[in-house]
Amino acid sequence: MNPGTIVIALGGNAVAPPGERATIGSQFRHTRESLAPVVDLARSGWHIAIVHGNGPQVGDDLARNELAADLVEPLPLGVLVAATAGWMGYMIQQSLQNALTRAGVPRTVVTVITQTLCDGADPDLRRPTKPIGHALDATRVARLRALGVPVTEERPGRWRRLAPSPRPRAVVEHDTVRHLVAAGHIVIACGGGGAPVYDDPALHLEGLDAVVDKDRVAAILGREIDADVLLILTNVDAVYQAYGTPQQKAIRQMSLQEADRLLASGELGEGNMRPKVEAAAEFVRAGGQRAVISELAGGLAALRGETGTTLGADAL
């Protein structure tokens with residue numbers, strides 16, 4: 001029996017944790033470790049699409065751009081998003097296919113490089129707000145500032161590069177993803193939020209030098225493929241009220257009205273939990289049954305309502 005269709009949003013930090021050197025070997029290892037919940041969902045008959053982040057990875061590619069600028073022509077940010085979607089898709093696809101084979105689950109995995117439609121006049125294209133890459137030391141901060149690259153201090157002593165992040169409107173290849181998912185394939189799509197594009201009156205689709213928030217894109221993809229559930233996996237076990245204070249309290253169930261009040265309060269961080277709650281609310285408001293926000297290890301328990309935060313009319 002098919003329990004439904006689920007879109008899983010997997011953070012880029014899941015395969016490149018902060019504070020650890022992001023070698024390709026370690027990223028493959030973390031990817032393999034992160035896929036047990038997906039195998040269990042596949043065994044249970046869920047139709048599955050996976051959206052992954054690429055914040056650490058695309059930041060590394062920008063650093064490679066700068067270090068090699070005297071030797072090879074740098075690639076623009078939008079192209080680097082597509083590049084990371086390709087090699088990270090390969091990494092997730094290979095690791096998940098191997099795990100399914102070992103588990104005796106006869107499902108196939110495919111990666112689709114997708115484009116995310118945005119507004120070419122979006123003011124956020126001129127206001128970099130999305131942290132990408134790994135934490136920067138003082139020397140790197142000074143070098144980037146000298147190059148005119150915006151940086152931010154996320155918390156005392158932790159600096160990161162900023163990139164423009166326009167609001168996503170649609171996934172260009174959503175029909176392809178929907179057909180593949182409906183046929184039972186596990187589809188990796190919208191890697192890094194998808195390569196951002198806009199609709200030029202003369203040229204049609206043209207790329208943008210930006211990154212798109214992968215949780216917001218996952219919500220849009222979920223709506224476009226008629227998914228029942230959006231599962232956002234992150235490094236925090238739930239959404240919290242008064243997070244980081246002695247009064248912090250995990251929110252296990254949340255209505256749309258409660259989500260709107262929490263967002264209006266301004267207490268959710270712009271670069272971390274806020275877009276996740278916004279994405280969850282947008283998915284449910286557009287007709288999704290429920291959205292779940294959970295840490296990676298607790299994903300299945302969160303789907304059962306035992307942990308994490310569940311938003312939706314049928315919250316457990």
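I will try to describe carefully the structure that is included in this document. (Residues numbered from 1 in each chain as written. Predicted model: local features only at pLDDT ≥ 70, side-chain atom pairs only at ≥ 80, totals over all residues. Heavy atoms only, no water.)

1. Let's talk about the overall build of the protein chain
Thinking step 1. For the protein chain, the helix and strand inventory stands at 10 helices and 17 strands.
Thinking step 2. Taken against the 2.2 N^0.38 rule, which gives 20 Å for 316 residues, the C-alpha radius of gyration of the protein chain at 19 Å falls within 12% of a compact globule.
Thinking step 3. The buried share among the 316 residues of the protein chain stands at 52%.
Thinking step 4. Carbon and sulfur atoms make up 52% of the accessible area of the protein chain, which totals about 14,300 Å². (Helix = DSSP H or I, 4+ residues; strand = E, 2+ residues; numbered from the N terminus. Rg over C-alpha atoms; globule rule 2.2 N^0.38 Å. Buried < 20%, exposed > 50% of the residue type's maximum accessible area, 1.4 Å probe, protein only. Areas by Shrake-Rupley, 256 points an atom, 1.4 Å probe, with all protein chains shown as cover.)

2. So, the nonpolar core
Thinking step 1. In terms of nonpolar packing, the biggest core is built from 43 residues, with Val-7, Leu-221, Leu-230, Val-239 and Val-277 touching the most fellow members.
Thinking step 2. With 7 residues, the top contributor of residues to this core is helix α9 (residues 273-285).
Thinking step 3. Once residues lying within four places of it in the same chain are set aside, the contact partners of Leu-221 are Ala-49, Val-51, Val-171, His-174, Val-177, Ala-189 and Cys-190.
Thinking step 4. Among the nonpolar cores identified, the runner-up in size contains 25 residues, and Ala-99, Val-229, Val-292 and Ala-302 belong to it. (Core = buried A, V, L, I, M, F, W, Y, C linked by side-chain atoms within 4.5 Å. Contact = heavy atoms within 4.5 Å.)

3. Description of the sheet that holds strand β6 (residues 151-155)
Thinking step 1. Strand order in the open sheet made by the 3 strands is β5-β7-β6, with antiparallel pairing throughout. For this open sheet the edge positions go to β5 (130-136) and β6, each flanked by a neighbour on one side alone. This sheet shows a mean twist of 40° between the axes of neighbouring strands, independent of strand direction.
Thinking step 2. Where β5 and strand β7 (residues 158-163) come together, 4 bridges link them in antiparallel fashion. Note on β7: the bridge partner recorded for Pro-131 is Leu-162.
Thinking step 3. Contacts between helix α3 (residues 55-67) and the sheet are confined to β5 and β7, with β5 contributing the most and set at about 70° to the helix. (Pairing = 2+ DSSP bridges. Axes fitted to C-alpha atoms, helices over the stretch in contact; angles between N-to-C directions.)

4. Comments concerning the environment of Val-211
Thinking step 1. Within the secondary structure layout, Val-211 lies in the loop between β11 (204-207) and α7 (214-224).
Thinking step 2. On the basis of relative accessibility, which here comes to 3%, the residue Val-211 falls in the buried class.
Thinking step 3. A C-alpha to C-alpha distance of 11 Å links Val-211 and Asp-124, two positions 87 residues apart in sequence.
Thinking step 4. Not counting chain neighbours up to four residues away, the residues in contact with Val-211 comprise Val-58, Leu-77, Val-81, Lys-130, Ile-132, Ala-163, Pro-164, Ser-165 and Pro-166.

5. Observations concerning the pattern of salt bridges
Pairing between side chains becomes possible if they bear opposite charge and their charged atoms approach one another.
Thinking step 1. All told, the structure shown has 20 salt bridges when counted by the stated rule.
Thinking step 2. Linking Glu-66 and Arg-140 is a salt bridge whose minimum nitrogen-to-oxygen distance equals 2.5 Å. With Glu-66 in helix α3 and Arg-140 in helix α5 (residues 138-146), this pair connects stretches of sequence that are 74 residues apart.
Thinking step 3. The class for Glu-66 is partly exposed, based on a relative accessible area of 26%. (Salt bridge = Lys/Arg side-chain N within 4 Å of Asp/Glu carboxyl O.)

6. Observations concerning the environment of Lys-214
Thinking step 1. The residue Lys-214 is located in helix α7 in this model.
Thinking step 2. Considered as a pair, Lys-214 and Asp-40 are 174 residues apart in the sequence and their alpha carbons are 23 Å apart.
Thinking step 3. Setting aside anything within four residues of it in sequence, one finds Lys-214 in contact with Ala-9, Leu-10, Gly-11, Val-51, His-52, Gly-53, Gly-192, Gly-193 and Lys-276.
Thinking step 4. Here Asp-215 takes part through its side chain, which lies 3.1 Å from a polar atom of the side chain of Lys-214. (Polar contact = N/O pair within 3.5 Å; in protein donor to acceptor, adjacent residues only side chain to side chain.)

7. A few points about the pairing of strand β2 (residues 47-52)
Thinking step 1. Burial within β2 is extensive, with 6 of its 6 residues counted as buried.
Thinking step 2. Going residue by residue along β2, you find His-47, Ala-49 and Val-51 tucked away on one face and Ile-48, Ile-50 and His-52 tucked away on the opposite face as well.
Thinking step 3. Relative to β2, strand β1 (residues 5-10) is paired through 6 bridges, and the arrangement is parallel. In the sheet register, Thr-5 faces β2, and the bridge partner there is His-47.
Thinking step 4. Here β2 runs beside strand β9 (residues 186-188); their pairing, made up of 2 bridges, is parallel. Following the sheet pairing, Ala-49 is matched in β9 by Val-187.

8. Some words on the sheet that holds strand β12 (residues 229-234)
Thinking step 1. If you trace the 8 strands from one edge of the open sheet to the other, you get β3-β9-β2-β1-β12-β16-β17-β15, paired in mixed fashion. Two strands close off the open sheet at either side, each with one partner strand: β3 (109-111) and β15 (253-254).
Thinking step 2. Strands in contact with helix α2 (residues 36-43) are β1, β2 and β9; relative to β2, the strand with the most contacts, it is inclined by about 160°.
Thinking step 3. Across the sheet, helix α6 (residues 174-182) is in contact with β1, β2, β3 and β9; its angle to β2 comes to roughly 135°.

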